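# Summary of the model geometry
If you want the building blocks of each chain, they are given just below.
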Amino acid sequence: MLKVKHLKKNYASFSLDCSLEVKPGYMTGLIGQNGAGKSTTFKAILGLIHYEGLVEVFGRQTLNEEDKQLLGVVLSDSGFSGYLTISDIIPILKHLYKSFDQTFFLRMVNQFELPKNKKIKEFSTGMKAKLKVIVAMSHQAKLLILDEPTAGLDVIARDELLDMMRDYMAEDDQRSILISSHISSDLETICDDFYMIHNGRVMMHEDTDVLLSDYALLKVDFKQFEQLDKDYILKYKKESYGYSCLTNQKQYYTENYPDIVIENGHIDDVMTMMIRGE
Ligand SMILES: Nc1ncnc2c1ncn2[C@@H]1O[C@H](COP(=O)(O)OP(=O)(O)OP(=O)(O)O)[C@@H](O)[C@H]1O
């Protein structure tokens, strides 16, 4: 569906070299701190900035008009003119997208209680975010590229949008989504796999199932740390009680070290350890 190989972009104080893949039927997450390179990656994939390297969407390096119809996009710094209302943008969407589904669009607008005749500039951050996602989903796209679609939303609204994405995927098993978020716990509940990006480099790619079943945090005191087999420790971090250690071989430590505290891995912990651990 989407292949990115050594996508490179250099700014004065930042360099990106990113490779990732989104398979058909997959929802793939891209997580990283502020400034890690998520938006730059998304913009390059969409051809909005110049880059080096390979980007293939639907198996092609250059998108034709039909391909563009099959893309649904949310970018953090884009949106409709604030002077328009939802009623104003319906004819624009009809014109832009051959498969624009007005019934779905209006159903979602009503479900999220968005006013149809209020200027978008008067919308709250959350209302604007919801509108952007509804628009991206309103024209039967095969691939959704969503940069921080849940930014600025409260927990309930985030949950509603995540449900909407789940429903979107469930309707057609060939649909895919590439989604970024700095709230990694959001992605844990919906993504099949995720990439972790830091300082413009992909530090990790893992299936969510594997992360939840095989990754763990070992909490050990100084003595236990000395005696610990470090072969399967990916990162460790000094704490007041000793060390926390990240492993992707939970079972090995569960079987061989029955006395140590072993906590299940979550994306947030893994990301913190991968970035801040030694
Ligand atoms: N047009 C530009 N000119 C110079 N530097 C840029 C430009 N666009 C982005 N950068 C730099 O590239 C780096 C990555 O930015 P990017 O927006 O891709 O990060 P991000 O992971 O999306 O962060 P956030 O979560 O804060 O949106 C940052 O250091 C940013 O300052």
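Residues numbered from 1 in each chain as written. Predicted model: local features only at pLDDT ≥ 70, side-chain atom pairs only at ≥ 80, totals over all residues.

### Describing the UniProt feature "domain: ABC transporter" (unreviewed entry) in the protein chain
Residues annotated by UniProt as "domain: ABC transporter" (unreviewed entry) correspond here to residues 2–224. Secondary structure over residues 2–224 splits into 36% helix and 28% strand, and the C-alpha atoms at its two ends are 45 Å apart. (UniProt positions renumbered as here; feature names shortened; annotations may be inferred. Helix = DSSP H or I, 4+ residues; strand = E, 2+ residues; numbered from the N terminus.)

### With respect to the nonpolar core
The biggest cluster of nonpolar side chains holds 64 residues, and the ones touching the most others in it are Leu-2, Ile-134, Ala-136 and Leu-144. Broken down by element, this core gets its largest block of residues, seven residues, from helix α5 (residues 125–136). Look past the residues within four positions of Ala-136 in its chain and what remains in contact with it is Gly-72, Val-73, Val-74, Ala-141, Leu-144 and Leu-146. (Core = buried A, V, L, I, M, F, W, Y, C linked by C-beta atoms within 7 Å. Buried ≥ 20, exposed ≤ 12 C-beta atoms within 10 Å, placed from the backbone. Contact = placed C-beta atoms within 7 Å.)

### Some remarks on the domain arrangement of the protein chain
When cut into domains, the protein chain gives domain 1 (2–209) and domain 2 (215–276). Using only C-alpha atoms to locate each centre, domain 1 and domain 2 end up separated by 34 Å. Of the residues lining the interface, eleven residues belong to domain 1; the matching set on domain 2 comes to six residues. Those elements that provide at least two residues to the side of domain 1 that touches domain 2 are α7 (184–190), β8 (193–198) and β9 (201–207). Among the elements that line the side of domain 1 that touches domain 2, the one with the most residues is α7, at four residues. (Domains from an automatic or database assignment.)

### Structural notes on helix α1 (residues 38–45)
Among the eight residues of α1, six are classified as buried, and the element is accordingly described as predominantly covered. Taken together, the buried positions of α1 are Lys-38, Thr-40, Thr-41, Phe-42, Ala-44 and Ile-45. Once α1 ends, the next one or two residues include Gly-47, with phi positive near 75°.

### Examining the pairing of β9
Pairing of β8 with β9 involves six bridges; the strand directions are antiparallel. What sits directly across from His-198, in β9, is Arg-201. Counted along the chain from β8 to the antiparallel partner β9, the turn is two residues long, and its residue Asn-199 has a positive phi close to 50°. (Pairing = 2+ DSSP bridges.)

### Overview of the pairing of strand β11 (residues 233–239)
Alignment of β11 against strand β12 (residues 242–247), held across six bridges, turns out to be antiparallel. Within β12, the residue paired with Tyr-236 across the bridge is Cys-245. Adjacent in sequence and paired antiparallel, β11 and β12 are bridged by two residues.

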